[in-house]
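Now for the letters of each chain:
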Amino acid sequence: MVVLVSLLRAWQETEMDKFGNLNTDIPFDVLSRLPTKDLVELKFVSKGWHQLVTDPSFIQVQSQRIQPLSGFFFQQRFQWCQDDIVIINYIPMKWEGAELHKKVFDFLPQDVVLLTSCNGLFCCRSCFPFEQPAIFVCNPLNKEWIKLDWAEPDKEKSIALAFDPFQDFSDNSANFKLVSVSQSETEQEEFYFSFEIYSSKTRSWKLSKEICWCNSNLYKNKGVFIGGILHWLTDGDQILTFNVENEFAWLISAPLPAMELNSVPESCIGDSKGCLHYIMISEEGLHVWFLEDYFDCKWSMKHCKTLAAMEQEHGQFFYNLQERVKQRLTGNPWMDPLAFKDGVLLLRVSNTIYLYHIERCKMDEVCDISKFGTNSMFCPTVLPYSMSLVPLLNKA
């Protein structure tokens, strides 16, 4: 990084001004290959660099490169109280004793509850009790946001965000869609999901004709967007999927039904290298699968490790894991996989949060859960974050 900066400093602003087309500029080509986090710092090197990094054509090229995982956002929930918890914590990937960031979303005009994240953008809603209910789509890096009226506020409704930087960047702004999922019941006591879609291009909602019959409830990681498809984990060994463009929904069976295990397993879903992953923790150990084929529902095992092996590798953190995990009958589990992205699992073990780099078998202790604000362990919202320079322009 230091060598790169030294070399590029040789390109003076006067030299950069000679290039009429930034796409032919050497700094354009080199800088566009850097992670977004580095560009945030480099744009202050000079006025010329600032102009280049904030140029729409540069942002479009740079945003289409794979961005590394920056960290996880963590927001707790009350189990019995209707009020929302307003504190949002950010856990950076390079932890190493770093402090939790609690003011990342302070640029918004009101306190919010995080709903979902997608390629650097976030969808949030107003906190309950509602005074001026609204939905926000925002980019915390450039502090830009769009506010949508929320005519019928419902704190239990699941709203997912779909944004693909490869396809949805035009008119110098990110184009996105929101998908609101509702569950209804027929007179025969059968349940189904329906989908309402908001488009930033039309600035309007429409009800999809598609429905998906399912008796399970949505659970954790609501709205993981991969390859044009949204995924929701349910509490019934199934994953609800919805193709945003074609408006086609179907169910995918989990790789291993919970009934085949002796204890109650805990699971989450996530994205790694553009593939859907399913993570399960039970008394049998930690298992990670990735989905090879959607319509044949073909899962392949990617990682498998017993709890005894995890305890042996990370004895400074864990003790008697297997006995504690299999004792889970009701209430909060001893080990809970909270979120997964690009090979990194955010994991709660008892009252402590860890970052587990699965392929490297590296475990970083983050902190005790009490430091997050309220010490509530009831189904928190945990979202991965990769930085993005894409702008959000309110076209209203």
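You'll find the structure just up there.
Residues numbered from 1 in each chain as written. Predicted model: local features only at pLDDT ≥ 70, side-chain atom pairs only at ≥ 80, totals over all residues. Heavy atoms only, no water.

Visitor: Is there a simple way to explain the overall build of the protein chain in this structure?
Guide: Looking only at helices and strands, the protein chain features 8 helices and 25 strands. Looking at the protein chain residue by residue over its 396 residues, the buried ones come to 51%. Long-range pairs, those at least 24 residues apart, make up 51% of the contacts in the protein chain between residues at least 6 apart in sequence. About 19,200 Å² of surface is accessible on the protein chain, with carbon and sulfur atoms providing 49% of the total. (Helix = DSSP H or I, 4+ residues; strand = E, 2+ residues; numbered from the N terminus. Buried < 20%, exposed > 50% of the residue type's maximum accessible area, 1.4 Å probe, protein only. Contact = heavy atoms within 4.5 Å. Areas by Shrake-Rupley, 256 points an atom, 1.4 Å probe, with all protein chains shown as cover.)

Visitor: Explanation requested: the pattern of salt bridges in the structure shown.
Guide: Here the idea is simple: oppositely charged side chains can pair when their charged atoms come close. What the rule picks out here adds up to 7 salt bridges. The partner of Asp271 in a salt bridge is Lys341, with the nearest N and O atoms 2.9 Å apart. Placement of the pair is Asp271 in strand β17 (residues 266–272) and Lys341 in strand β21 (residues 335–341), with a sequence separation of 70 residues. Across this residue pair, the class does not change: Asp271 and Lys341 are buried. A salt bridge links Asp364 to Lys362, with the nearest nitrogen and oxygen atoms 2.7 Å apart. (Salt bridge = Lys/Arg side-chain N within 4 Å of Asp/Glu carboxyl O.)

Visitor: Mind showing me how you'd approach helix α6 (residues 56–63) here?
Guide: Owing to its 3.6 residues per turn, the α-helix aligns residues three or four sequence positions apart on the same side. Among the residues of α6, Phe58, Ile59, Gln62 and Ser63 are the ones counted as buried. Seen along its axis, α6 keeps its buried residues to an arc of 120°; they face one direction. Residues of α6 that are buried in the fold lie against α3 (26–31), α4 (36–42), α5 (47–53) and β8 (169–170). (Arc of directions from axis to C-beta.)

Visitor: Sorry if this is basic, but what is going on with the nonpolar core here?
Guide: Nonpolar side chains in soluble globular proteins tend to end up buried together. Within the largest apolar cluster, 47 residues are counted, with the highest numbers of intra-cluster contacts made by Phe176, Leu178, Val179, Phe195 and Trp232. Counting 19 residues, the second largest nonpolar core, distinct from the first, contains Ile281, Leu307, Met310 and Phe340. (Core = buried A, V, L, I, M, F, W, Y, C linked by side-chain atoms within 4.5 Å.)

Visitor: Would you mind showing me how to read the sheet that holds strand β5 (residues 134–139) here?
Guide: Strands in a sheet are paired, the pairing made by backbone hydrogen bonds, and the direction either parallel or antiparallel. Read from one edge of the open sheet, 4 strands run β3-β4-β5-β6, paired in antiparallel fashion. Taken across any chain shown, the strands that pair with only one partner, and hence form the sheet edges, are β3 (112–118) and β6 (144–149). Here the average twist between neighbouring strands, direction ignored, is 20°. Here β3 pairs with strand β4 (residues 121–126) via 6 bridges, running antiparallel. By the bridge assignment for β4, Val113 is matched with Arg125. (Pairing = 2+ DSSP bridges. Axes fitted to C-alpha atoms, helices over the stretch in contact; angles between N-to-C directions.)

Visitor: Sorry, what's going on with the packing of aromatic side chains here?
Guide: The relation between two aromatic rings is expressed through the spacing of the ring centres and the mutual angle of the planes. Evaluated as defined, the whole model comprises 25 aromatic pairs. Seen from their ring centres, Phe73 and Tyr90 are 4.6 Å apart, and the 35° between their planes marks the pair as tilted. Linking Phe73 in strand β1 (residues 71–75) with Tyr90 in strand β2 (residues 89–92), this pair joins segments that are 17 residues apart in sequence. With a relative accessible area of 8%, Tyr90 lands in the buried category. (Phe/Tyr/Trp six-rings, centres within 6.5 Å; stacked < 30°, edge-to-face > 60°.)

Visitor: Honestly, the pairing of β5 in this entry has me stumped. Any pointers?
Guide: Side-chain direction in a regular strand flips from residue to residue, so the side chains alternate between the two faces of the sheet. Among the 6 residues that make up β5, 6 are buried, leaving the element largely enclosed by the rest of the structure. With 4 bridges joining them, β4 and β5 adopt antiparallel strand pairing. Considered in β5, the bridge of Arg125 is made with Ile135. Here β5 runs beside β6; their pairing, made up of 6 bridges, is antiparallel.

Visitor: Honestly, the pairing of β3 in this entry has me stumped. Any pointers?
Guide: Taken across its 7 residues, β3 has 7 buried, putting it largely inside the fold. In sequence, β3 turns back onto β4 through a hairpin of 2 residues, with Asn119 there showing a positive phi of about 50°.

Visitor: Is there a simple way to explain unusual backbone geometry in this structure?
Guide: Leaving glycine out, the prevailing phi sign among residues is negative, and the prevailing peptide bond configuration is trans. With an omega of 5°, the peptide bond between Phe128 and Pro129 qualifies as cis. Phi at Arg203 takes a positive value of approximately 55°, unusual for a residue other than glycine. Secondary-structure assignment places Arg203 in the loop between β11 (191–199) and β12 (204–213).

Visitor: Explain the environment of Trp150 here, please?
Guide: As for its position among the elements, Trp150 is in the loop between β6 and β7 (158–162). Sequence spacing of Trp150 and Arg125 is 25 residues, and the spatial spacing of their C-alpha atoms is 8.7 Å. Excluding its chain neighbours within four sequence positions, the residues that come into contact with Trp150 are Arg125, Ser126, Phe130, Pro133, Ala134 and Ile135.

Bear in mind that shape data such as this cannot, by itself, settle questions of function.
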